[in-house]
Amino acid sequence: MRRVYLDNNASTPVLPEVLETMQPYFGEHFGNASSIHHHGQETRAAVERARQSVADLLGCRPAEVVFTGGGTEADNLAVFGLTAPGDHVITSTIEHHAVLNSCKHLTEKGIEVTSLPVDGRGLVDPDDLRRALRSNTKLVTIMFANNETGVIQPVDEIGKICTETEVYFHTDAVQAAGKVPLDVKTIGCDLLSISGHKIHAPQGVGALYVRKGTHLQPLFYGGSHERSRRAGTENVPGIVGLGKAAELALQGFARGDDKTLAALRDRLQQGILAQVDEAGVNGNGAPRVPNTTNLYFDHIEGEAIVIALDLKGLAVSTGAACSSGAIEPSHVLTAMGLSADRARASIRFSLGKQNTAEDIDFALALVPETIARLREISPVYGRQAARN
Ligand code: PLP
C-alpha cells in the first residue's frame with residue numbers, strides 16, 4: 001500500500017545524507033568527546049564542526065550554541081535558566097506545551113506570568129507586549145512559528161521592543177528552523193530553541209542559542225560540558241546529525257527549496273478548498289512557514305478524518321502530536337477564536353523535504369472524497385446542515 005507522510009511538524013524522516021554522516025559515530029568513532037586521547041579528540045572535533053554548522057544556520061557564534069536533548073529541553077533551559085522568584089515573564093497563549101507548561105510551573109515558584117492573546121489570524125500584537133511590560137519583567141518567550149498553524153509571529157518587532165526595554169527575549173524556533181532563514185541578530189533575541197527531528201535530523205537532539213554574556217542557571221548538575229550550561233556526555237551521533245541537517249537546510253535556502261515547498265503546500269491547500277465546501281484555512285492572512293496548512297472541515301471530527309486518511313495511506317494530524325487523542329480542542333485554535341467544534345474539525349497538513357508533487361496528487365485524490373464520505377455518514381452533519 002502506498003503511504004504518504006504529511007505530518008512533518010510532528011517529526012521528519014532523517015535524510016540519507018544525515019544518516020550517512022552520523023553512521024561512523026555509532027561504531028568506529030565512539031569516543032567520549034571529553035576524553036583527551038585520540039578517540040576523544042576525534043569526536044570532539046565532530047561536535048565542534050556541528051556547532052559551527054548550527055551557528056551558520058542561526059547567524060551566531062559557535063560558542064553561543066548549546067546542544068540539548070531536544071526542543072523541549074532547550075525551551076526549559078531558556079525559561080528556567082533565566083528566571084527567579086519575584087520576576088515577571090511574558091508569553092503567549094499559543095505556545096507549544098514545552099513553553100506553556102514550563103511557564104505554568106513558573107507560577108508555582110512565585111514568578112508571575114502574563115499570557116498575551118492572539119488575533120483571529122493567530123498573531124500576537126506587539127503593542128500588547130509593550131503594555132504588558134513591567135519593571136520586574138525578566139523574560140519574554142514568544143514562539144517564532146506555531147506548530148499547528150505555521151503562523152509566524154512578528155518576532156523582529158518583539159525583539160526590538162525587548163532590546164529597547166532590556167528584557168531577555170527567547171523564541172521557540174523549533175518549527176521555523178530549516179523552513180525560513182533565521183538570523184538571531186535580525187530577530188534581536190537572546191535565546192532561540194531548535195530541535196533536530198523537525199529538520200530531518202534524529203529525535204532527541206536540539207540546541208539553544210544563548211547570546212554571549214547571558215548567564216543561565218543550568219537545568220542539571222554534573223560535568224562542565226557545554227561550558228557548564230548542559231551537563232552530560234554529548235550525544236555525538238545526534239549532534240553530528242543536527243549539524244549535517246543544518247548544513248543541508250542552508251543549502252536548501254540557496255536553491256530556493258522553501259519556495260518549492262510553499263508552491264506544493266499552496267497547491268494542496270487550494271486543491272482541497274476548491275473541492276470541499278464549508279472548509280477554510282486557520283491562520284489565513286498571516287505569514288506562515290512554507291510547509292504547513294491547517295484546514296477546518298466543518299461538521300466532522302478531525303480525529304475521524306485522521307483515521308480515515310490513515311486507512312488509505314495518508315498521514316496527517318489534528319495538531320500538536322502530544323494532544324492527539326485528547327478530547328480537548330486545540331488551545332491554539334481556540335485562542336484564535338475558533339469555536340470548539342471548528343477547532344475539533346481541523347486538520348494539519350505539514351510537508352517535508354522528502355515530499356514530491358506525486359504526494360500532493362495522492363492527497364488531492366483522497367482528501368475531498370474522504371471528507372464527503374465522512375459527512376455523508378455523520379449524523380451531526382445532517383442536523384447542522386438542516387439548521388443552516
Ligand atoms: N516547540 C515546538 C514549537 C514544537 O513543535 C516542538 C515539538 O513538537 C517542541 C518545541 C518540542 O521539541 P522536541 O520534540 O524536540 O522536544
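Preceding this section is the structure that the text describes.
Here the structure is a predicted model, which is why all the values come from computation and not from measurement.

A. Seen up close, the packing of helix α3 (residues 71–82) against helix α4 (residues 97–108). Relative to each other, α3 and α4 sit at 30 degrees, their axes nearing to 9 Å. Crossing hand, α3 versus α4: right-handed. Counted together, Thr72, Asp75, Asn76, Val79 and Phe80 of α3 and Ala98, Val99, Ser102, His105 and Leu106 of α4 form the full contact between these two elements. A breakdown of the residues in the contact of α3 with α4 according to their chemical character gives five nonpolar, four polar and one charged.

B. View of a negative patch on the surface. On the surface, Asp125, Asp127, Asp156 and Glu157 cluster together to form a negatively charged patch. Residue position: aspartate 127 is located in helix α5 (residues 126–132).

C. The arrangement of the nonpolar core in detail. If you look at the biggest cluster of nonpolar residues, it comprises 64 residues, and the most contacted ones within it are Leu58, Phe144 and Leu192. Apart from the residues lying within four places of it in its own chain, the contact partners of leucine 58 are Leu182, Asp183, Val184, Leu192, Ile194 and Tyr209. Leu6, Ile272, Leu351 and Val367 belong to the second-largest nonpolar core, a separate cluster that totals 29 residues.

D. Up close: the pairing of strand β3 (residues 88–92). For β3, the tally of buried residues reaches five of five residues, placing the bulk of the element in the interior. Neither face of β3 is exposed, since His88, Ile90 and Ser92 on one face and Val89 and Thr91 on the opposite face are all buried. In the sheet, β3 pairs with strand β4 (residues 112–116) via five bridges, with the strands oriented parallel. Within β4, the position partnered with threonine 91 by the bridge is serine 115. In this fold, β3 hands off to α4, which returns the chain to β4; that crossover is right-handed. Examined bridge by bridge, β3 and strand β5 (residues 137–141) share three bridges and lie parallel to one another. Following the sheet pairing, valine 89 is matched in β5 by leucine 139.

E. Broad picture of the sheet that holds strand β12 (residues 346–350). Read from one edge to the other, the open sheet built from three strands follows the order β9-β10-β12, with strand pairing classed as antiparallel. The open sheet terminates on both sides in strands that have one partner only, identified here as β9 (279–281) and β12. Neighbour-to-neighbour, the strand axes of this sheet turn through a mean angle of 25 degrees, independent of strand direction.

F. Layout of the site of the ligand. What surrounds the ligand is a group of 13 residues, the closest being Gly71, Thr72, Asp172, Ser195 and Lys198. The contact in question runs from an oxygen atom of the ligand to an N or O atom on the side chain of histidine 96, over 3.3 Å. Interatomic distance of 2.6 Å between a side-chain N/O atom of lysine 198 and an oxygen atom of the ligand. For the ligand, the accessible surface in isolation is 390 Å², of which the surrounding protein chains cover 86%. The leading source of residues in the shell around the ligand is α3, at three residues. Within the shell around the ligand, the residues separate by chemical class into two nonpolar, eight polar and three charged.

G. Expanded view of helix α9 (residues 236–255). The first and last C-alpha atoms of α9 sit 29 Å apart over 20 residues, in line with the 28 Å expected at 1.5 Å per residue. Counting buried residues along α9, 14 of its 20 residues qualify, which places the element largely inside the surrounding structure. Between the side-chain oxygen at the start of α9 and the backbone nitrogen of glycine 238 there is a gap of 3.0 Å, and the oxygen is on asparagine 235. Where α9 ends, the next residue or the one after it, glycine 256, has phi of about 85 degrees, a positive value.

About the criteria used
Residues numbered from 1 in each chain as written. Predicted model: local features only at pLDDT ≥ 70, side-chain atom pairs only at ≥ 80, totals over all residues. Heavy atoms only, no water. Axes fitted to C-alpha atoms, helices over the stretch in contact; angles between N-to-C directions. Helix = DSSP H or I, 4+ residues; strand = E, 2+ residues; numbered from the N terminus. Left-handed = near helix turned anticlockwise from the far one by under 90°. Contact = heavy atoms within 4.5 Å. Nonpolar A, V, L, I, M, F, W, Y, C, P; charged D, E, K, R; others polar. Patch = residues over 30% accessible without salt bridge, like charges linked within 9 Å, V, L, I, M, F, W, Y side chains within 5 Å. Areas by Shrake-Rupley, 256 points an atom, 1.4 Å probe, with all protein chains shown as cover. Salt bridge = Lys/Arg side-chain N within 4 Å of Asp/Glu carboxyl O. Lys, Arg positive; Asp, Glu negative; His and termini not counted. Charge placed at Lys NZ, Arg CZ, Asp CG, Glu CD. Core = buried A, V, L, I, M, F, W, Y, C linked by side-chain atoms within 4.5 Å. Buried < 20%, exposed > 50% of the residue type's maximum accessible area, 1.4 Å probe, protein only. Pairing = 2+ DSSP bridges. Right-handed = clockwise from strand over helix to strand, strands pointing away. Near = heavy atom within 4 Å. Polar contact = N/O pair within 3.5 Å; in protein donor to acceptor, adjacent residues only side chain to side chain. Expected span 1.5 Å × (residues − 1).

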